[in-house]
Amino acid sequence: MTSPAPTFYFPAPRTQTYCSVCGTALTRRVPPEDNRMRDVCDQCGAIHYQNPRNVVGVVPIYGDRVLLCRRAIEPRYGKWTLPAGFMELGETTAQGAMRETQEEAGAQIELGKLYTIIDVPQAEQVHFFYLAKVTSSALYPGPESLEAAFFRLEDIPWNELSFRTVSSTLRHYVEDAQSGVFPIHHYDLPEPDSQ
Ligand SMILES: [Zn+2]
C-alpha cells in the first residue's frame, strides 16, 4: 500500500478571550486544586474548561466497493474522505455517524459495528468510525461534498485522501477484507501535522 494521507482535522483555536458568562477578560492560570492551565474569570469565578472533541464517521460499503466523498470545504478541499464530522450535542456517536453520512453523501445506510477508535491528541480529537452497509446506489451529496462515488478497494485514491484517520481506517478495512474478519482497532495518531 502507499504512503499515508497527510494529516487529520485541524484543531480549533482553544483559548477564549472573554468570559462567556459575564464578558470579563479571562486570565490564563492554574486554578486552586487543579494542575492545568485554564481560562479563569476573576470577576465571576467561572472556569472555562476545554476538552477533546469527537469526530464520528462511517466506512460505507456497497457490495465490493467503498463510498467516498470529495470535500468541498477546507481543510483538504478536493480530497477524498470517508463521511465524518464533528459530533453534535445531544446525539450519540452512532446518530452522528449516520447524520454525517446523510449530509455528505445522501446515502442510505444500515449502521454496523464500531470499527476504529483513533486518539489524535495533537489535534485534541478522538475519531470513531463505524462499519456501514449502503443499501442503495443512489447518492445525493450535500454542499460539503463536490461529489460522492463508490471505489473498488484496489482503486482507493490513497494519495488523494484527506486525513490520516481516514487513510488508516481504510488500510485496516482493506487488510481485514482479506480474511472477512473485522475486529475493532483502537490506536493513536500522535504525529504532529505534517503540512
Ligand atoms: Zn465571568
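Look up: the structure comes first, before these words.
Note that this is a predicted model, so its numbers are computed, not measured.

## Focus: the coordination of the zinc ion
Reference geometry at the metal: tetrahedral coordination by four donors gives ideal angles of 109.5 degrees; octahedral coordination by six donors gives 90 or 180 degrees. Around the zinc ion, the donor atoms from the protein are Cys19 (SG), Cys22 (SG), Cys41 (SG) and Cys44 (SG), and they sit 2.3 to 2.4 Å away. What the four donor atoms of the zinc ion show is an angle range of 97 to 118 degrees at the metal, which sorts the shape as tetrahedral. Donor residues binding the zinc ion come from one chain and are separated in sequence as C-x2-C-x18-C-x2-C. Taken as a pair, cysteine 22 in the segment before β1 (27-29) and cysteine 44 in the loop between β2 (38-40) and β3 (47-48) lie far apart in primary sequence, 22 residues in all.

## Quick look at helix α1 (residues 93-105)
Here α1 spans 18 Å end to end across 13 residues, near enough to the 18 Å set by a 1.5 Å rise per residue. Listed in full, the buried residues belonging to α1 are Gly96, Ala97, Arg99, Glu100, Thr101, Glu104 and Ala105.

## A few points about the environment of glutamate 91
Its location among the elements puts glutamate 91 in the loop between β7 (84-86) and α1. The residues touching glutamate 91, leaving out its near neighbours within four places in the chain, are Gly96 and Arg99. Here glutamate 88 takes part through its backbone nitrogen, which lies 2.8 Å from a polar atom of the side chain of glutamate 91. In terms of polar contacts, glutamate 91 uses its side chain to reach the side chain of arginine 99, at 2.7 Å.

## Section: the side chain of aspartate 176
Here aspartate 176 is to be found in helix α2 (residues 164-179). Of the side chains with opposite charge, lysine 113 lies nearest to the buried aspartate 176, which makes no salt bridge, at 7.6 Å. Apart from the residues within four sequence positions on either side, aspartate 176 is in contact with Tyr115, Val181, Phe182, Pro183 and His185.

## A word on the pattern of salt bridges
In the structure shown here, the tally under the stated rule is nine salt bridges. Linking aspartate 34 and arginine 38 is a salt bridge whose minimum nitrogen-to-oxygen distance equals 2.8 Å. Accessibility expressed as a relative area gives 24% for aspartate 34, which makes it partly exposed.

## Comments concerning the sheet that holds β3
With antiparallel pairing, the three strands of this open sheet are ordered in space as β1-β2-β3. Each edge of the open sheet carries a strand with a single partner, namely β1 and β3.

Quick notes on the rules
Residues numbered from 1 in each chain as written. Predicted model: local features only at pLDDT ≥ 70, side-chain atom pairs only at ≥ 80, totals over all residues. Heavy atoms only, no water. Donors = N, O, S within 2.8 Å, 3.2 Å for Na, K, Ca; no water. Tetrahedral: all angles 85-135°; square planar, octahedral: opposite > 155°, others 65-115°. Helix = DSSP H or I, 4+ residues; strand = E, 2+ residues; numbered from the N terminus. Expected span 1.5 Å × (residues − 1). Buried < 20%, exposed > 50% of the residue type's maximum accessible area, 1.4 Å probe, protein only. Contact = heavy atoms within 4.5 Å. Polar contact = N/O pair within 3.5 Å; in protein donor to acceptor, adjacent residues only side chain to side chain. Lys, Arg positive; Asp, Glu negative; His and termini not counted. Salt bridge = Lys/Arg side-chain N within 4 Å of Asp/Glu carboxyl O. Pairing = 2+ DSSP bridges.

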